[in-house]
Each structure stands twice: as C-alpha cells, then as structure tokens.
Amino acid sequence: MKHSKRSNVQHTGCILRQVQGNEISSAAKEGQESGLCWGHEFNCTRELRFQTPSCSGDHTGWVQSKEAQINTFYYQADFGYIQQQINELLLMCEPKFLTDSSLECNKYLKFCRGRNLLFDFRNLAYRDAVPIYIL
C-alpha cells in the first residue's frame, strides 16, 4: 500500500456525510440565523460546527481515544486544517490604504491570502535564475 496524505486520511476511517448543493446554501442561511459555522472561522467551536465527522472502526493502535481519532481527521482532512493554516499567517505586505496590495502567507508559502496583487509571469520561462522564496 502506497503512503500518501490521502491514504493516511482514509486510514482514519472517518467520513463526512455527503452534502448536496442545495443543502450548502440552506445550511449557510441557517448558519447565519443560528450561529452555526463550517469550522475554519475564528470563533467556531465544536458545538457550533455545521457538521462533525463520523469515525467508524477501532481507534486503538494509532490514537489514544475515539475523540483523538475524530480530531486527527478534523485537523488533517477537514476545516481544522484550514483553520491551522489561517492561524499561522504572517503579514508579508502591509497595506497603508484599503485599496493597497496586501499579502499574508504561512511558513513555506503553503497557504497565502492576498488582495490587489499583480504577478508578472511574462518572461518566467526565459529567466536564468531560479526563483527562491525565503520567509
């Protein structure tokens, strides 16, 4: 069996219920009214999440409890992963005005969020130097 992030996630035996498109829009509306959230928002607690993973099978041998199994899935394959990436953001380019460019990234540029950015890739294939990004 090949080991990859995907197979590790499947290894947890956890799934999220299939959600249809119309359920997402009604859940978003319901969430606004009831305070429900997806899981990546700043003040989103476990109790307020729209959906919690369901983990079948035994957890022994790789985590200490059923709760740890669910948390492992949440932080590796669900909105908990996005939440961790957002929490690690560092401000790279600070705007002086609301309309200025801004850029936030986490370590190794795994996750970035920016506004009003221009990337010029016109001569990228013909450049002699390999671009190196250091944070």
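A.B. asks: Which residues make up the overall build of the protein, and what are the values?
C.D. replies: Scanning the protein from terminus to terminus reveals 4 helices and 5 strands. Shown N-terminal to C-terminal, the secondary structure of the protein runs as helices and strands in the order α-β-α-β-α-α-β-β-β. Considering only residue pairs separated by 6 or more positions, the protein has 38% of its internal contacts joining residues 24 or more positions apart. As presented, the protein carries roughly 10,700 Å² of accessible surface, and 55% of it is formed by carbon and sulfur atoms.

A.B. asks: Can you break down the pairing of strand β5 (residues 112–115) residue by residue, with the values?
C.D. replies: In the sheet, strand β4 (residues 102–105) pairs with β5 via 4 bridges, with the strands oriented antiparallel. Bridging from a neighbouring strand, E104 pairs with R113 of β5. Linkage of β4 to β5, two consecutive antiparallel strands, is achieved through a turn of 6 residues, within which Y108 is found at a positive phi near 65 degrees.

A.B. asks: An account of the sheet that holds strand β3 (residues 90–93) is needed here, citing residue identities and associated values.
C.D. replies: Within the open sheet, the 3 strands sit side by side as β3-β4-β5. Their pairing is antiparallel. Each edge of the sheet is formed by a strand with only one pairing partner; in this case those strands are β3 and β5. Looking at each pair of strands side by side, their axes are set apart by 20 degrees on average, direction ignored.

A.B. asks: Account for the environment of E94, naming residues and giving values.
C.D. replies: Among the secondary structure elements, E94 is positioned in the loop between β3 and β4. For the pair E94 and E104, spaced 10 residues apart in the sequence, the C-alpha separation amounts to 8.5 Å.

A.B. asks: Could you give an account of the state of the cysteines, naming the residues involved and the relevant values?
C.D. replies: What the rule picks out here adds up to 2 disulfides. Note that C37 is cross-linked by a disulfide to C44, the S-S spacing being 1.9 Å. Measuring handedness by torsion sign, the sulfur bridge of C37 and C44 sits at about 80 degrees and is right-handed. The same class applies to C37 and to C44, which are both buried.

A.B. asks: Can you break down the pattern of salt bridges residue by residue, with the values?
C.D. replies: A complete count under the given rule lists 2 salt bridges for this structure. Put simply, R113 and E104 hold a salt bridge, and the shortest N to O gap is 3.0 Å. Judged by relative accessible area, which is 40%, R113 ranks as partly exposed. Salt-bridge contacts for R122 lead to D120; the nearest nitrogen and oxygen are separated by 2.8 Å.

A.B. asks: Which residues make up the packing of aromatic side chains, and what values do they have?
C.D. replies: A full pass over the atoms with the stated rule returns 3 aromatic pairs. Measuring from ring centre to ring centre gives 5.9 Å for W38 and F79, while their planes differ by 45 degrees; the resulting arrangement is tilted. With W38 in the loop between α2 (21–34) and β2 (54–55) and F79 in helix α4 (residues 79–87), this residue pair connects regions lying 41 residues apart in the sequence. Residue classification places F79 among the partly exposed residues on the basis of a relative accessible area of 25%. Centre to centre, the rings of Y74 and Y75 are 5.0 Å apart; their planes meet at 80 degrees, and the pair counts as edge-to-face.

A.B. asks: How would you sum up the side chain of S102? Please name residues and give values.
C.D. replies: Positionally, S102 belongs in strand β4. Accessibility expressed as a relative area gives 11% for S102, which makes it buried. For S102, the residues in contact, after removing those within four places along its chain, are C93, P95, R113, G114, R115 and L117.

Reading the values: the criteria
Residues numbered from 1 in each chain as written. Predicted model: local features only at pLDDT ≥ 70, side-chain atom pairs only at ≥ 80, totals over all residues. Heavy atoms only, no water. Helix = DSSP H or I, 4+ residues; strand = E, 2+ residues; numbered from the N terminus. Contact = heavy atoms within 4.5 Å. Areas by Shrake-Rupley, 256 points an atom, 1.4 Å probe, with all protein chains shown as cover. Pairing = 2+ DSSP bridges. Axes fitted to C-alpha atoms, helices over the stretch in contact; angles between N-to-C directions. Disulfide = S-S within 2.5 Å. Buried < 20%, exposed > 50% of the residue type's maximum accessible area, 1.4 Å probe, protein only. Salt bridge = Lys/Arg side-chain N within 4 Å of Asp/Glu carboxyl O. Phe/Tyr/Trp six-rings, centres within 6.5 Å; stacked < 30°, edge-to-face > 60°.

The analysis is restricted to geometry; functional conclusions fall outside its scope.
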